[in-house]
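# Residue-level structure breakdown
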Amino acid sequence: MPPTWEMTEEEIRARRVPVDEQRVLDVRHMTRQFGGLLAVSNVSFVVEKGEIFGLIGPNGAGKTTLFNLITGLIQPTSGQLYFRGEEYTGQRPHYIAQKGIARTFQNIRLFGSLSALENVKIARHTHTFGGIFGLIAGVLNLPPAPEDERKTTARAMELLEMVGLAERAHVQARNFAYGDQRRLEIARALALEPRLLLLDEPAAGMNAQEKQGLSDFIRMLRDKFSITILLIEHHVPLVMGLCDRIAVLDFGQLIALGDPRRVQHDPAVIEAYLGDEG
Ligand SMILES: Nc1ncnc2c1ncn2[C@@H]1O[C@H](COP(=O)(O)OP(=O)(O)OP(=O)(O)O)[C@@H](O)[C@H]1O
Ligand SMILES: [Mg+2]
């Protein structure tokens, strides 16, 4: 229940959920059924502040479905989600993004006919002019003030610079190579200034050198910008070298969780991957 006008300030304060900086994401008993299929089954784990947390598992294990649950794209059959100590189960994607959880998609979702810069600026506008003012401005079709527009462009350019695409800011997104589109998606997610960034197979379609660059970039996001990272990735060397902890899904269930070396040698994990190849 939201606070009401009748409540005293003390009562409102007492009901405020204390922010738990350390537990950035708390997934509890997350379950999602599609008809008879348990795509995600009773999955629980906590992602701590400043972690690079890997999510791996064979094809169809439920990784993307779990991302869709965490970002509110689909709703859980049961289970709860907490962001920095506050429950947000059942909230819509826009609210969750505003709170500080951004993501990229396994199937890239860029506006192909728009430039790289425009793609980032659109996300930035949602962030800057979100809430009721953004909504009213949007409905009335009001252009943003020139000063805001300048700031938005400058910030978007900074983000493109960060991912190494600044020189091609005015090129249409559809003309970018696959690996560059993935980097553009990351820039767009960063425009929301997230505390938690979810990356769904960011290295897919990248060559070895690009993968190394991506790995360094993700570490820099954590070290320099204090962004906590949750990462789905198939490329094992990248996961092993980058992640502090790893969770393994198989047929929707969490079968292992821990530091990379231990998980790599876990018999249940080896079994799951051998089964995948057989
Ligand atoms: N909207 C949906 N409706 C029905 N079934 C779905 C839906 N989304 C996912 N599934 C099913 O749920 C299971 C998990 O799919 P998901 O995409 O989460 O796997 P994944 O671990 O991301 O796999 P991959 O590594 O191939 O990306 C699969 O069997 C998939 O077919
Ligand atoms: Mg997937």
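As a further point, take the overall build of the protein. For the protein, the count of helices and strands is 11 helices and 10 strands. Counting the 278 residues in the protein, one finds 35% classified as buried. Sequence-distant contacts, at least 24 apart, represent 69% of the contacts inside the protein between residues at least 6 apart.

This paragraph deals with unusual backbone geometry. With phi around 55°, Arg84 is a residue other than glycine that occupies positive phi space. Along the polypeptide, Arg84 turns up in the loop between strand S4 (78-83) and strand S5 (86-87). For Ser226, which is not glycine, the phi torsion reads 55° and is therefore positive. Within the secondary structure, Ser226 is located in the loop between helix H8 (208-225) and strand S8 (228-232).

We now examine the sheet that holds S8. Spatially, the six strands line up as an open sheet ordered S6-S7-S8-S3-S9-S10, and their pairing is mixed. Of all the strands in the sheet, just strand S6 (101-103) and strand S10 (253-258) have a single pairing partner and so form its edges. Direction aside, neighbouring strands of the sheet carry axes that sit 20° apart on average. Direction of pairing for strand S9 (residues 245-250) relative to S10: antiparallel, over a ladder of five bridges.

With that out of the way, let us pick up the site of ligand 1. Ligand 1 sits among Phe34, Leu37, Ala39, Gly57, Asn59, Gly60, Ala61, Gly62, Lys63, Thr64, Thr65 and Gln106. Among the secondary structure elements, those contributing two or more residues to the shell around ligand 1 are strand S2 (37-48) and helix H2 (63-70). Among the elements that make up the shell around ligand 1, the one with the highest residue count is H2 (three residues). Taken together, the residues that form the shell around ligand 1 break down as four nonpolar, seven polar and one charged.

Another point: the nonpolar core. In terms of nonpolar packing, the biggest core is built from 67 residues, with Ala187 and Ile229 touching the most fellow members. It is helix H7 (residues 178-190) that contributes the most residues to this core, five residues altogether. Composition of this core by domain shows at least three residues from each of domain 1 (17-100 + 194-278) and domain 2 (110-193). Leaving out residues up to four positions away in the same chain, Ala187 has contacts with Val120, Leu159, Leu160, Met162, Val163 and Leu165.

The subject of this paragraph is H7. With 13 residues, H7 extends 19 Å between its outermost C-alpha atoms, agreeing within 8% with the 18 Å of an ideal straight helix rising 1.5 Å per residue. Counted residue by residue, H7 has 11 buried out of 13 residues, so it is predominantly covered. Of all the residues in H7, the buried ones are Asp180, Gln181, Arg182, Arg183, Leu184, Glu185, Ile186, Ala187, Arg188, Ala189 and Leu190.

Spatially, S2-S1-S4-S5 is the arrangement adopted by the four strands of the open sheet, whose pairing is antiparallel. The sheet terminates laterally at S2 and S5, the two strands that pair on one side only. Examined bridge by bridge, S4 and S5 share two bridges and lie antiparallel to one another. Looking at the pairing, Phe83 lines up with Glu86 of S5. Across the sheet, H2 lies against strand S1 (23-34), S2 and S4, angled at about 115° from S1, the strand it touches most.

This part takes up H2. Counting buried residues in H2 gives seven out of eight residues, a clear majority hidden from the surface. Along H2, the residues classified as buried are Lys63, Thr65, Leu66, Phe67, Asn68, Leu69 and Ile70.

A separate point is the environment of Glu158. With respect to the element layout, Glu158 can be found in helix H6 (residues 146-162). Judged by local crowding, Glu158 falls into the partly exposed class, with 14 C-beta atoms found within 10 Å. Taking the C-alpha atoms as reference, Glu158 lies 9.3 Å from Ala187; in sequence the two are 29 residues apart.

Judged by how many residues are buried, S9 sits mostly within the fold: five of six residues are covered. Strand direction decides the pairing type here: strand S3 (residues 52-56) and S9, joined by four bridges, are parallel. Across the sheet, the residue bridging to Phe53 is Arg245, located in S9.

Cut-offs used in this document
- Residues numbered from 1 in each chain as written.
- Chains lettered and ligands numbered in written order.
- Predicted model: local features only at pLDDT ≥ 70, side-chain atom pairs only at ≥ 80, totals over all residues.
- Helix = DSSP H or I, 4+ residues; strand = E, 2+ residues; numbered from the N terminus.
- Buried ≥ 20, exposed ≤ 12 C-beta atoms within 10 Å, placed from the backbone.
- Contact = placed C-beta atoms within 7 Å.
- Pairing = 2+ DSSP bridges.
- Axes fitted to C-alpha atoms, helices over the stretch in contact; angles between N-to-C directions.
- Near = placed C-beta within 6 Å.
- Nonpolar A, V, L, I, M, F, W, Y, C, P; charged D, E, K, R; others polar.
- Core = buried A, V, L, I, M, F, W, Y, C linked by C-beta atoms within 7 Å.
- Domains from an automatic or database assignment.
- Expected span 1.5 Å × (residues − 1).

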